[in-house]
Amino acid sequence: MKRRSLFSAALLALAALAALALSVHNARQVLPVRWWLGAIMHPDTGDIRQVLFYYSVLPRLAVSLLVGAGLALAGVLFQQVLRNPLAEPATLGVASGANLGVTLAGLGMLPGGGAGQQMAALLGALGVGILVFGTAWGKRLSPVTLILAGLVVSLYCSAITSLLALFHYQELQNLFLWSSGALNQQDWLAAGYLLPRLGLGLLLALLLVRPLTLLGVDDDVARQLGLGLVAARLGALALAVVLSAMMVNAVGVVGFIGLFAPLLAKLLGARRLRHRLLLAPVAGALLLCLADQAMVLLAQLWQEVPTGAATALTGAPLLLWLLPRLRHGTAPEMAGRYGEIRAERTRTGLWVAGGAVLLLAGLAVVLTIGRDSRGISWAGGDLWRLLPWRWPRTLAALSAGMMLAAAGTLIQKLTSNVMGSPEVLGISAGAASAEILAMFFLPADGFGAMLGAGSGGAALTLAAILAVAGRRHFSSQRLLLAGIALGTMFSALIALLLASDDPRLGSLLAWISGSTYGVLAPQAVASAVLAVVLLMLAPLCRRWLNVLPLGSATARSLGVPLARSRLIILLLASVLTAGATLTVGPLSFVGLMSPHMARMLGFRRAMPQLAVASIIGAALMLAADWCGRMVMFPNQIPAGLLATFIGAPYFVFLLRRQGKTAV
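Residues numbered from 1 in each chain as written. Predicted model: local features only at pLDDT ≥ 70, side-chain atom pairs only at ≥ 80, totals over all residues. Heavy atoms only, no water.

Engineer: Got a minute to help me understand the overall build of the protein chain in this structure?
Structural biologist: Scanning the protein chain for helices and strands turns up 27 helices and 2 strands. By residue count, 57% of the 663 residues in the protein chain fall in the buried class. Here the analysis covers contacts within the protein chain between residues at least 6 apart in sequence; of these, 79% occur between residues at least 24 apart. With an accessible surface of roughly 27,600 Å², the protein chain has 67% of that area assigned to carbon and sulfur atoms. (Helix = DSSP H or I, 4+ residues; strand = E, 2+ residues; numbered from the N terminus. Buried < 20%, exposed > 50% of the residue type's maximum accessible area, 1.4 Å probe, protein only. Contact = heavy atoms within 4.5 Å. Areas by Shrake-Rupley, 256 points an atom, 1.4 Å probe, with all protein chains shown as cover.)

So, in structure tokens, the structure goes:
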């Protein structure tokens, strides 16, 4: 323990020295050292170097220190109250809620100007906090439930922001840069806004040391010592949420500082809460200052990178490293526990036939009913004129829905986790990131090249998730958290690309959001052929899919080759995910909803569930694409986003329901 404390102290000292050295180096590039004192005391407004030094370099340094300290303080409060080492503003979704509020205020959708923006950030953070904490409240604030709900709600807020960006891209282009955690737009007003509020927050936290200490022990013990648990929790959580909202309002979303700084304080030997409340803000200030000054140096050598994006890209691996420390509760309910498995062949045939008829009827409706300036009407004589534009996107949406549903079923069987899906586990985001990189750097960007890149990204993501979850003992809960951590990292990478000035990003934003209105006939046909071929290969894995959910020991005793079967299913799910992501982007929850709906209809064995789920997924995406054309005519809502608006609340509902049945 003493050796670990010495190592942590040396690490903190090294971070402080590195931050100081980088700060001095970067400031010297703006103004020579001999003029610093004069520029600080009486800046010469006629000298542009002194103006930049006093009004840009120094405020940015001060704001980075204050925001780092504030995020670390909020992280200590969240972790103490929730007894969760992974709790912080970013992982709980509070930061994304505040960012959504600021986005709405920036578009003029909320009144009040600057004060309205601060209030919008606070209301957004409070709204997300109420939703996330309310989801886990009945489960005694289960650590896994909190993180899952927080990160999925964060994805939901990001989807809403993406929808707003589609209609207001020019107004929000600068906001993209700011929301990624860029500290290069700060002045002394921001520092003056943060300093007194941070001081007040620290004072209140120190006054709450005794109830906060009792909240860190067992509830029964705290209650016997006279603590009002509900009031103490609500008060401490409210303080942490308000601190988080203030930091987001000042600089945007900066992730993982609130996660790592409290951990570093513990490693330094701060076992008592009072010591952590004092030491963690110091560590957080140094860490964010170091990260920000490193980005300033990178901007001199290459280009400007938002500090928040950098912390997200480095923080996600940290979250993966911390996952084994998380206390795990009961594993999510397995597929075999939903009741007795009955004979399904006859019923499956009837459902598939009925679903095919309904899909044909849906196709007829989608292709022949539209909306124009006069309202909803049949295509009539204009059918043949509109058909060349309608059928490619319709076929693409249908194919993507089938592939996502099939991939979701395969992943749930492979991981023995009914809450797994390409979207929740970050596999879709991994495929999208690989496809974007291929688009930017490969000379050929045809369907085959993009499919290969996306399949590789999806396969690597799923392999990394399985490797993390299988370390020591396989944990389906750790698997979910590992997937969402990787998804967060990929989302930060995509946000970083969106914040650049590349002219290709306007169309890229529509694709990421899940739009089908840019799909041409060759891509639609290729997607349909790919879906049919992959679905025809799935029955070859039928026995493995039925046995793997029973556990590794049982599968091995039944003669299933674990490594080979998992690899083949992994590759099949990866190609399905990549093919769907090429069409509708990474923001869709069809891969989660469709297998659940099939299971609710009584289809629990692998092939019946996969067949019915594929039909349901096709119908969901078909309906989402059609409704996206109709709801806000002449504007269009991408099918992937519209499916996300349904899927994320459905995930939270399942999370809440799981707590009532599986605790």
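The discussion continues.
Engineer: Teacher, can you tell me more about unusual backbone geometry here?
Structural biologist: Trans is the common state for peptide bonds, and a negative phi is the common state for residues other than glycine. Even without glycine at this site, Arg-83 takes up a positive phi of about 50 degrees. The residue Arg-83 is located in the loop between helix H3 (48-82) and helix H4 (94-106) in this model.

Engineer: Can you help me understand the confidence of the model for the protein chain in this one?
Structural biologist: Predicted coordinates in regions of low pLDDT should not be interpreted in detail. Overall, the prediction assigns the protein chain a mean pLDDT of 80, with 83% of residues at 70 or greater. Low pLDDT, under 50, characterises residues 327-343; the predicted model gives this stretch 36 contacts beyond four residues in sequence or across chains. (pLDDT = per-residue confidence, 0-100.)

Engineer: Sorry if this is basic, but what is going on with the side chain of Asp-292 here?
Structural biologist: Residue placement: Asp-292 occurs in helix H13 (residues 273-301). Among the residues examined, Asp-292 registers a relative accessible area of 0% and is labelled buried. Residues contacting Asp-292, with those up to four places away along its chain left out, are Arg-60, Ser-64, Leu-183 and Thr-307.

Engineer: Just to check I follow, could you spell out the pattern of salt bridges for this structure?
Structural biologist: Pairs can form between side chains of opposite charge whenever their charged atoms are close. In the structure shown here, the tally under the stated rule is 3 salt bridges. One salt bridge in this structure joins Asp-47 and Arg-49, with 3.8 Å as the shortest N-O distance. A salt bridge links Arg-60 to Asp-292; its shortest N-O distance comes to 2.8 Å. Highlighted residues: Arg-60 in helix H3 and Asp-292 in helix H13, separated in sequence by 232 residues. The same class applies to Arg-60 as to Asp-292, namely buried. (Salt bridge = Lys/Arg side-chain N within 4 Å of Asp/Glu carboxyl O.)

Engineer: Sorry if this is basic, but what is going on with the packing of aromatic side chains here?
Structural biologist: Any aromatic ring pair is given by two values, namely how distant the centres are and how the planes are angled relative to each other. Going through the model one piece at a time under the given rule, you end up with 4 aromatic pairs. Between the aromatic rings of Trp-36 and Phe-53, the centroid separation amounts to 5.6 Å while the plane-to-plane angle is 20 degrees, which identifies the pairing as stacked. Placement of the pair is Trp-36 in helix H2 (residues 36-41) and Phe-53 in helix H3, with a sequence separation of 17 residues. Classification of Trp-36 by relative accessible area gives buried; the value is 19%. Residue classification places Phe-53 among the buried positions, given a relative accessible area of 2%. Between the aromatic rings of Tyr-54 and Tyr-55, the centroid separation amounts to 4.8 Å while the plane-to-plane angle is 85 degrees, which identifies the pairing as edge-to-face. Given the relative accessible area of 21%, Tyr-54 is considered partly exposed. Grouped by ring-pair contacts, the aromatic residues Tyr-54, Tyr-55 and Trp-188 constitute a single cluster. (Phe/Tyr/Trp six-rings, centres within 6.5 Å; stacked < 30°, edge-to-face > 60°.)

Engineer: Sorry if this is basic, but what is going on with the packing of helix H8 (residues 188-207) against helix H11 (residues 229-251) here?
Structural biologist: For any two helices packed against each other, one specifies the inter-axial angle together with the distance between the axes. Contact geometry for H8 and H11: axes closest at 11 Å, N-to-C directions at 165 degrees. Here H11 runs roughly antiparallel to H8, going by the angle between their axes. At the point where H8 passes H11, the crossing takes the left-handed sense. Of H11, the residues touching H8 (which contributes Tyr-193, Leu-194, Arg-197, Leu-198, Gly-201, Leu-204 and Ala-205) are Leu-239, Leu-243, Met-246, Met-247, Asn-249 and Ala-250. Broken down by class, the residue content of the contact of H8 with H11 amounts to 10 nonpolar, 2 polar and 1 charged. (Axes fitted to C-alpha atoms, helices over the stretch in contact; angles between N-to-C directions. Parallel < 35°, antiparallel > 145°, perpendicular 65-115°, else oblique. Left-handed = near helix turned anticlockwise from the far one by under 90°. Nonpolar A, V, L, I, M, F, W, Y, C, P; charged D, E, K, R; others polar.)

Engineer: Looking at this structure, I do not really get the packing of helix H12 (residues 257-267) against H13. What am I missing?
Structural biologist: Interaxial distance between H12 and H13 falls to 8 Å at its minimum, and their mutual angle equals 125 degrees. Of the possible angle classes, the one that applies to H12 and H13 is oblique. Pair H12 / H13 crosses with right-handed handedness. Residues Ile-257, Phe-260, Ala-261, Pro-262, Leu-264, Ala-265 and Lys-266 of H12 form the contact with H13, whose participating residues are Arg-276, Leu-279, Ala-280, Ala-283, Gly-284, Leu-287 and Leu-288. Residue classes in the contact of H12 with H13 are distributed as 11 nonpolar, 1 polar and 2 charged.

Engineer: When you look at the environment of Leu-313 in this model, what are you seeing that I'm missing?
Structural biologist: Relative to the elements of secondary structure, Leu-313 occurs in helix H14 (residues 307-322). For Leu-313, a relative accessible area of 27% corresponds to the partly exposed category. In sequence terms Leu-313 and Met-489 are 176 residues apart; their C-alpha atoms lie 5.2 Å from each other.

Engineer: Help me understand the nonpolar core, please; the structure alone is not making it clear to me.
Structural biologist: Buried together is how nonpolar side chains tend to be arranged in soluble globular proteins. Within the largest apolar cluster, 94 residues are counted, with the highest numbers of intra-cluster contacts made by Phe-78, Leu-82, Leu-92 and Phe-133. Not counting residues within four places of it along the chain, the set of residues in contact with Leu-82 comprises Ala-87, Leu-92, Phe-133, Leu-141, Leu-146 and Leu-237. Core analysis: the next-biggest nonpolar cluster, separate from the first, contains 74 residues, Ala-400, Leu-462, Ala-485 and Ala-573 among them. (Core = buried A, V, L, I, M, F, W, Y, C linked by side-chain atoms within 4.5 Å.)

Engineer: Whenever I open this one, a nonpolar patch on the surface confuses me. Can you help?
Structural biologist: A contiguous nonpolar surface patch, about 530 Å² in accessible area, is contributed by Trp-391, Val-525, Val-529, Val-533, Leu-537 and Leu-540. The element contributing the most residues to the nonpolar patch is helix H21 (residues 521-537), with 4 residues. By the secondary structure assignment, Leu-540 is in the loop between H21 and helix H22 (542-547). Leu-540 gets classed as exposed once you look at its relative accessible area, which sits at 68%. (Patch = residues over 30% accessible without salt bridge, like charges linked within 9 Å, V, L, I, M, F, W, Y side chains within 5 Å.)

Engineer: Would you explain the side chain of Ser-455 in this entry?
Structural biologist: You can see Ser-455 is positioned in helix H18 (residues 447-469). If near-sequence neighbours (up to four positions away) are discounted, Ser-455 is found in contact with Ser-574, Val-575 and Ala-578.

Engineer: Got a minute to help me understand helix H17 (residues 427-441) in this structure?
Structural biologist: Turn by turn, an α-helix covers 3.6 residues, leaving residues three or four places apart pointing in a common direction. A rise of 1.5 Å per residue sets the reference length of H17, with its 15 residues, at 21 Å; its end C-alpha atoms lie 21 Å apart and thus fit the reference within 8%. Extensive coverage of H17 is indicated by the burial of 12 of its 15 residues. When we look at burial in H17, the residues that qualify are Ile-427, Ser-428, Ala-429, Gly-430, Ala-431, Ala-432, Ser-433, Ala-434, Glu-435, Ile-436, Ala-438 and Phe-440. (Expected span 1.5 Å × (residues − 1).)

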